[in-house]
Amino acid sequence: MQVDKILAERPHKRIYKSGNFVVKEFDSDFSKSDILNEALNQARVEETGLRIPQLEEVTKIDGKWAIIVDYIEGKTLAQIMKEDRANLEMYMEKFVDIQLEVLSKRAPLLNKIKDKMNRKISETNLDATTRYELHTRLEGMPTHNKVCHGDFNPSNIIITPAGDYYVLDWSHATQGNGSADAARTYLLFSLDGDTEAAEMYMNMFCKKSDTAKQYVQQWLPIVAASQSVKGNENEREFLLKWIDVVDYE
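None of these values were measured; they are calculated from a predicted model.

About the cut-offs
- Residues numbered from 1 in each chain as written.
- Predicted model: local features only at pLDDT ≥ 70, side-chain atom pairs only at ≥ 80, totals over all residues.
- Heavy atoms only, no water.
- Axes fitted to C-alpha atoms, helices over the stretch in contact; angles between N-to-C directions.
- Helix = DSSP H or I, 4+ residues; strand = E, 2+ residues; numbered from the N terminus.
- Left-handed = near helix turned anticlockwise from the far one by under 90°.
- Contact = heavy atoms within 4.5 Å.
- Nonpolar A, V, L, I, M, F, W, Y, C, P; charged D, E, K, R; others polar.
- Buried < 20%, exposed > 50% of the residue type's maximum accessible area, 1.4 Å probe, protein only.
- Pairing = 2+ DSSP bridges.
- Salt bridge = Lys/Arg side-chain N within 4 Å of Asp/Glu carboxyl O.
- Phe/Tyr/Trp six-rings, centres within 6.5 Å; stacked < 30°, edge-to-face > 60°.
- Lys NZ or Arg CZ within 6 Å of the ring centre and 35° of its normal.
- Disulfide = S-S within 2.5 Å.

(A) The arrangement of the packing of helix 4 (residues 113–123) against helix 8 (residues 213–227) in detail. Relative orientation of the contacting elements helix 4 and helix 8 amounts to 65°, with a least axis distance of 8 Å. Helix 4 and helix 8 meet at a crossing whose hand is left-handed. Of helix 8, the residues touching helix 4 (which contributes M117, K120 and I121) are W219, I222, V223, A225 and S226. Taken together, the residues of the contact of helix 4 with helix 8 break down into six nonpolar, one polar and one charged.

(B) Molecular detail of the pairing of strand 3 (residues 21–26). The buried count for strand 3 comes to five of six residues, which makes it a mostly enclosed element. As paired elements, strand 2 (residues 13–18) and strand 3 share six bridges and run antiparallel to each other. Its bridge partner being in strand 3, K13 is matched across the sheet by F26. Linking strand 2 back to strand 3 in an antiparallel pair, the connection comprises two residues, with G19 at a positive phi of about 65°. Relative to strand 5 (residues 64–70), strand 3 runs antiparallel, the two sharing five bridges. Each bridged residue has a counterpart across the sheet, and for F21 the counterpart in strand 5 is D70.

(C) Structural detail: the pattern of salt bridges. Tallied over the entire structure, the rule returns nine salt bridges. Where K24 meets D169, a salt bridge forms, and the shortest distance between an N and an O atom there is 3.6 Å. Here the residue K24 occupies a position in strand 3, and D169 occupies one in the loop between strand 9 (165–167) and strand 10 (174–176), the gap between them amounting to 145 residues. Pair check on accessibility: K24 and D169 agree, each one buried. For E83, the salt bridge identified is with K75, shortest N-O distance 2.8 Å. With relative accessibility at 54%, the residue E83 sits in the exposed group. Here the salt bridges share partners, and the residues they tie into one network are K24, E38 and D169.

(D) Inspection of the packing of aromatic side chains at higher detail. Under the defined criterion, the tally for this structure stands at eight aromatic pairs. Here the guanidinium or amino end of K17 rests over the ring plane of Y71, the centre of that ring lying 4.9 Å away. One Lys or Arg, R51, reaches over the ring of Y165 and ends 4.3 Å from the middle of that ring.

(E) The sheet that holds strand 3, seen in detail. The sheet built from five strands is open, its strands ordered 1-2-3-5-4 with antiparallel pairing. Single-partner strands in this sheet number two, and they are strand 1 (5–10) and strand 4 (55–61). Neighbour to neighbour, the strand axes of the sheet diverge by 20° on average, direction disregarded.

(F) Focus on the side chain of K13. Looking at where K13 falls in the secondary structure, it is placed in strand 2. Excluding anything up to four places from it in sequence, K13 contacts K24, E25, F26, D27 and F30.

(G) The pairing of strand 2, seen in detail. Strand 2 sits mainly inside the fold: five of its six residues count as buried. Between strand 1 and strand 2, which pair antiparallel one after the other, the connecting turn spans two residues, and H12 there sits at a positive phi close to 75°.

(H) Region of interest: the environment of L109. Counting through the fold element by element, L109 comes out in the loop between helix 3 (88–103) and helix 4. Looking at L109, the relative accessible area reads 60%, which means it is exposed. A sequence separation of 69 residues divides L109 from L40, and the C-alpha atoms of the two residues are 9.7 Å apart. Setting aside chain neighbours within four positions, we find L109 in contact with R44 and Q175.

(I) View of the state of the cysteines. What the rule picks out here adds up to zero disulfides. With no disulfide partner, C148 has as its closest neighbouring cysteine sulfur the one in C206, 15 Å distant.

(J) Representation of the environment of R184. With respect to the secondary-structure elements, R184 resides in helix 6 (residues 178–191). The exposure class assigned to R184 is buried, which follows from its relative accessible area of 9%. As for R184 and G150, which are separated by 34 residues in sequence, their C-alpha atoms are 7.1 Å apart. R184 has contacts with G150, D151, V223 and Q227, leaving out every residue within four places of it along the chain.

Structure below.
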């Protein structure tokens, strides 16, 4: 397939524009079940009516699996925030509104966020006592069935020239508690070193969703632990620091 423009290159995958489509091409040794699950997530979220790129095809290109979706012209919200930092609060409000719309949807066939987090916590190198505490805390958190993006950050939002938005990258989508998704977003801003945006996001999400900040904060050690099994060493060290806030009783 013709490569018009490389959009992103990540470990084990590359994403490029080809005509009116975006191709996410995976390394030949990438897990087939993970690829098919990502495509299935995309299809299930499409059915909620959210504005997302439409899934067009799951295929093989030169022996490598690929997911093909519609190309959306526009800028990422991350680019817009960076270029116009003076209006960060206005853009953050739009960002939170989009997340709340996502969380208002239901997709009963998506995997459950608690199941995923329990599995990830078990995969960490944390000691048995800490893993037990995290599993216990997770089980004690309320169970919801909201659509959770799993990687909701401004770089996954495209704003078109007409001002419409589209949400990209549903590979981590689950159903569950929206405050877990908010905790993940807060950690993503923090990982980026943008403390101002992180605190602005947390305050705005809690205000608009009428959620106590302490409730979202209770998710932070759980989310940090579940995310620490992936990513580079610097990210892992940062996330592990958040696990230290677990209160032992």
